[in-house]
Amino acid sequence: MLDLKIIRENPAFVTESIALKGDDGGIEQIVEYDGNRRRLLEEVESLRSLRNRVSEEISVSKKSGEDAEEKISEMREVSQKIKAVEHTLRETESQLNEQMLRIPNIPHESVPKGKEASDNKFVRDWMDKPEYDFDLKDHLELGESLGILDFKRASKLSGSGFPLYMGDGAKLERSLINFMLDLQTTENGYKEVFPPFLVSRESALTTGQLPKFEEDMYKTSLEDLFLIPTAEVPVTNIHRDEILSSEELPISYAAYSACFRREAGSYGKDTRGFLRVHQFNKVELVKFCEPESSYDELEKIVSDAEEILKRLELHYRVVELSTGDLSFAAAKCYDIEVWAPGEEKYLEVSSCSNFEAFQARRGNIRYRKSDGKIDFVHTLNGSGLATSRLMVALLETHQTDEGTIQIPEALTTYFGKSIIKNDGG
C-alpha cells in the first residue's frame, strides 16, 4: 500500500508512476474519497465538541434549577446526526481502503522504463552455454526414460499441471531442497523457518496477492484460507503488526514450502512438464531491513540466489525488469534465468524484489529507529530457488550421450551418488 500522503500531495506523480506498470489508476477517486473522509472527520469532531459543550451547560442548568429540556432535545438531534455522519465516515473509509489496496507500488527511479519483458535490461551472465556432440533430450524424455518423472500418472491423481516424482527423481528433488537450505543458512546468514502452507486472507492481503489476484489462488471455502503461491506470504507475515528494533535488522529468513498457483492466465502458454505447473517446491529468501539499506540487501539476495546455480554448474543470466514487467507489489526486481538446452531457452528460476514499505504498510510491520521514532521497514524476497524449472535445466544440462544424468559435485553429498542411470539404479 502506498502512503496516502504521497497520493494526496502529488496525485499526478503517482498516476504517472503506476501508469509505467500499465495500471490505469483510480488515483482521482482516492483523492475524492480522502477529501470526503477528512471533511466528515471535521464534521463529526465539530458535532462531538458541540455535544460536550452543551452537555456541560445542561448539567449547570440542572444544578441551578433551570429548565434544560430544549437543550436536551437539541442534543438528541445532534447525537442522531453524529451517528449518521459516523456511518457515512465508516463507509467512506472502507471505500478508500479498498481502492488503496488495488493501487500498485511505484517503480524505483532506477528501474528501466518499458512496456513488457522485451524491455528488460541484461545485467550479467555466468558460464557459457553448454555445447553437445549428441542429440539432446528434453526433461520430459529424460524423466520418462529414467523412470524419475511421471506426469501421466500425476494427471490421473490431480489433473494436468501437477508433477509426480519417482525413485531418484523424488530423491533428487529432496536433495536440491536440502542443499539450497543448507547453503543459505550455513553460509549466507539466513535463519531457517518452516511456515504453514495455508494462510489467512489478512496474510495474503499483506503481501499483495489480495484483493487483486484472488482468482490465481487456491482457496478453502469453509475457513477462507488460501494455499500459498510462495513462502513469501507466510514468512513476510511473521512480523505483521509488530514493532521491531533497529538492532534486530536486517532479519533474513530462508523457508522451504510447496507452492500452489492456479495460473488462471496461462491459456496458450507452453505448459509441458515443469514449464508451468500448479504445484512446485521452492526455497524462499525473505528480508526485513531499514529503508537506507534495502537496495544493498536486494543485491545480496540476488547474489545468494545466483550462488546456487554456480554450484550446480548451470549457465544463467540476470535481468533487471522494466517498469511494465514489474509485479504489482515490487519497486524493483531482478529475474535470474537459467538456460535449459533441451528447451533451447532461458527459464526464470528466481525473482528477487524490493517492495520498500509497500508490504510493510499493508501489514503494519514497523521498527523503532535509534532516535526512538517509528517507521515502516522495507521488505524484500527472492526465490532461492524454485525447483521445478531448476530441475528442467539440471536434467537437460547434465545429460550424457548415454541418456544418464551426471550429478554436480555440490549435490552428490545430498544425493548419495554421482549419476542417475537408465535403470534408475
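No experiment lies behind these values; they were computed from the predicted model shown.

Chemist: Can you break down the packing of helix α3 (residues 27-63) against helix α4 (residues 69-100) residue by residue, with the values?
Modeler: At a minimum axis distance of 8 Å, the contact between α3 and α4 shows a crossing angle of 160 degrees. When the axis of α3 is compared with that of α4, the two are roughly antiparallel. Classified by chirality, the crossing of α4 by α3 is left-handed. Class assignment for the residues of the contact of α3 with α4 results in 17 nonpolar, seven polar and eleven charged.

Chemist: Which residues make up the packing of aromatic side chains, and what are the values?
Modeler: Under the defined criterion, the tally for this structure stands at twelve aromatic pairs. Relative to Tyr 316, the ring of Trp 126 lies with its centre 6.2 Å away and its plane at 20 degrees, an arrangement referred to as stacked. Here the residue Trp 126 occupies a position in strand β1 (residues 121-126), and Tyr 316 occupies one in strand β9 (residues 316-320), the gap between them amounting to 190 residues. Its relative accessible area of 27% is what places Trp 126 among the partly exposed residues. Over the ring of Trp 339 we find Lys 129, and its NZ or CZ is 4.0 Å from the ring centre. Between Arg 317 and the ring centre of Tyr 346, over which it is positioned, the NZ or CZ distance is 3.8 Å.

Chemist: Please provide a residue-by-residue account of the state of the cysteines, values included.
Modeler: Enumeration over the complete set of coordinates arrives at zero disulfides. This cysteine, Cys 259, is not joined by any disulfide, and Cys 352 carries the nearest cysteine sulfur, 14 Å off. For Cys 259, a relative accessible area of 0% puts it in the buried group. With no disulfide of its own, Cys 333 lies 7.0 Å from the sulfur of Cys 352, the closest cysteine sulfur. With a relative accessible area of 4%, Cys 333 lands in the buried category.

The rules behind each value
Residues numbered from 1 in each chain as written. Predicted model: local features only at pLDDT ≥ 70, side-chain atom pairs only at ≥ 80, totals over all residues. Heavy atoms only, no water. Axes fitted to C-alpha atoms, helices over the stretch in contact; angles between N-to-C directions. Helix = DSSP H or I, 4+ residues; strand = E, 2+ residues; numbered from the N terminus. Parallel < 35°, antiparallel > 145°, perpendicular 65-115°, else oblique. Left-handed = near helix turned anticlockwise from the far one by under 90°. Nonpolar A, V, L, I, M, F, W, Y, C, P; charged D, E, K, R; others polar. Phe/Tyr/Trp six-rings, centres within 6.5 Å; stacked < 30°, edge-to-face > 60°. Buried < 20%, exposed > 50% of the residue type's maximum accessible area, 1.4 Å probe, protein only. Lys NZ or Arg CZ within 6 Å of the ring centre and 35° of its normal. Disulfide = S-S within 2.5 Å.

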